[in-house]
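# Working through the structure, step by step
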Amino acid sequence: MPDFKFIEDGSLTSVPGFKAAGVTAGLKRSGAPDFALVFSEKPANFAGVFTSCTFAAAPVRLCEERVLNSPYLRAIVFNSGNANACTGAAGLAAARKTCDLAASKLGIKSSEVAVCSTGRIGVQLPMDIISRGVDLAVPALSPEGGAAASQAIMTTDTVPKAIALTLEVQGRTITIGAMTKGAGMIDPSLRAPHATMLCAIATDAEISNADLQEMLTLNAENSFNRITVDGDMSTNDTVLVMANGTSGVRIAAATPDGELFKSALLAVMQNLARRMVMDGEGATKFVTVDVVNSRSIKDARLAAEAVANSLLCKTAWYGNDPNWGRVVAALGYSGAVFNPDQCDIYYDATPVVKNGGDSGVPESELVSIVSKREFTVRIDFKEGQSGYWVWTSDISHEYVKINADYHT
């Protein structure tokens, strides 16, 4: 990967031409910030990918409309504390009203505003509080507001997640900045339109909507769609990217510059995806499940996701238990086609299973590996050339406590 320059304490507003704000509107009983606004000073090309959950929330449905029908985007409104999901026609009307309120205050078209929500499902959006959020956020917009915005979109997250980097293209500097939230209800399956993760990405490159959509969709498959905390897909998963062209550098897909930009965008998305897993609700371990030498990508994916989402595997990892029987059981029911008598499994570089049976490595040596904050479970089917990897976490007592007590 090229040597991109990551900006210290970078955020979405590290990108020229973007402002943001994070305020307390009153959605959270805790009194924590719960309303964010991102604004582009110029009309921005944009693209989005969204949850494939059938119960997609009202803001997701509205954002899909924007991607399909609007040429530009100027603003994204975020609220945490209420998902506006399973709220019917009233919920969709509330999402549209939110855009209307923001557009009126910003002096732009309602069709240039998108909205993202996270929080409790099945509760109508209190429009008096949303209106207050707009009234507070618009005058608070600032080129230094990225950090405040990333804090305001948090729910069960323990830390805000923001990043920015620069790259050199055509002798000029392009910046990409982003923020995300998500610690639980994390197993995205993001698609292009035809607790929850929310992500906003900004760049000052000039890129068409179509090319942005192509890059974002491809990169989602190798970032957010490769993570799981608990195997539960949200109703609200949304990733939006805006390109305002302030740098004056025009990027096109399927060109060397386009490939460089796509790589930089992937670096941003993978960085945030990794941090979401690291901050998973109650997580103490970051585990890479890597299936190699499979007959097909389909088989490799089935196998990797089965292990990554296995509660027995995840609780064993939490207990520093190298119990590989749970791994082979998950592989066995995954639906992947493979010969179990050829399968090898490694914890990091140490063999655990050889040709479907115990490798003979002392358990004490394996305990030292699974006791680490990060390790890899590598599964070698030795049958082909395909592979698939997933980033996952363990499941702890704290995860159960958070989700038993959850009330934003």
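What comes next concerns the included structure.

Calculation notes
- Residues numbered from 1 in each chain as written.
- Predicted model: local features only at pLDDT ≥ 70, side-chain atom pairs only at ≥ 80, totals over all residues.
- Heavy atoms only, no water.
- Salt bridge = Lys/Arg side-chain N within 4 Å of Asp/Glu carboxyl O.
- Helix = DSSP H or I, 4+ residues; strand = E, 2+ residues; numbered from the N terminus.
- Buried < 20%, exposed > 50% of the residue type's maximum accessible area, 1.4 Å probe, protein only.
- Pairing = 2+ DSSP bridges.
- Contact = heavy atoms within 4.5 Å.
- Axes fitted to C-alpha atoms, helices over the stretch in contact; angles between N-to-C directions.
- Polar contact = N/O pair within 3.5 Å; in protein donor to acceptor, adjacent residues only side chain to side chain.
- Expected span 1.5 Å × (residues − 1).

## A word on the pattern of salt bridges
Taken as a whole and assessed by the stated rule, the structure comprises 13 salt bridges. The salt bridge partner of K105 is D135, with a shortest N-O separation of 3.5 Å. Here K105, found in helix 2 (residues 88-106), pairs with D135, found in helix 3 (residues 127-140); they are 30 residues apart in sequence, far enough to count as distant. Residue D135 is classed as partly exposed on the basis of its relative accessible area, which comes to 38%. A salt bridge links E206 to R250, with the shortest nitrogen-to-oxygen separation between them at 3.1 Å. One end of the pair, E206, is in the loop between strand 8 (198-203) and helix 5 (209-221); the other, R250, is in the loop between strand 10 (238-243) and helix 6 (256-278), with 44 residues separating them in the sequence.

## What about the sheet that holds strand 9 (residues 227-228)?
With respect to topology, seven strands assemble into an open sheet ordered 9-16-11-15-12-13-14, the strand pairing being mixed. Both outer strands of the open sheet, strand 9 and strand 14 (357-358), are each paired with one neighbouring strand and no more. Sheet topology note: the strand 9/strand 16 (residues 386-393) ladder contains two bridges and is parallel. Across the sheet, the residue bridging to T228 is T392, located in strand 16. Most of the contacts of helix 7 (residues 297-309) go to strand 16, to which it runs at about 15°, and overall it touches strand 9, strand 11 (286-294), strand 15 (374-380) and strand 16. Where helix 10 (residues 363-370) meets the sheet, it contacts strand 12 (344-347), strand 13 (350-354) and strand 15, and its direction lies at approximately 120° from that of strand 13.

## Let's talk about the side chain of S396
Note that S396 resides in the loop between strand 16 and helix 11 (397-405). Separated by 2.6 Å, the side chain of S396 and the backbone oxygen of G282 make a polar contact.

## Notes on the environment of R74
Mapped onto the elements of the fold, R74 is located in strand 4 (residues 73-80). Residue classification places R74 among the buried residues on the basis of a relative accessible area of 13%. Remark: the alpha-carbon pair of R74 and M154, spanning 80 residues in sequence, is separated by 22 Å. Ignoring any residue separated from it by four or fewer positions in sequence, one finds R74 in contact with V38, F39, S40, E41, K42, P43, I108, E112 and M242.

## Side note on the pairing of strand 15
Inspection of the sheet shows strand 11 paired to strand 15 by seven bridges, in the parallel sense. Residue F286 lies in a different strand from strand 15, and its bridge partner there is E374.

## Comments concerning helix 5
Taking 1.5 Å of rise per residue, the 13 residues of helix 5 would be expected to cover 18 Å, and the 19 Å separating its terminal C-alpha atoms lies within 8% of that figure. Elements in contact with the buried residues of helix 5: strand 3 (35-50), helix 1 (58-69), strand 8, strand 10 and helix 6.

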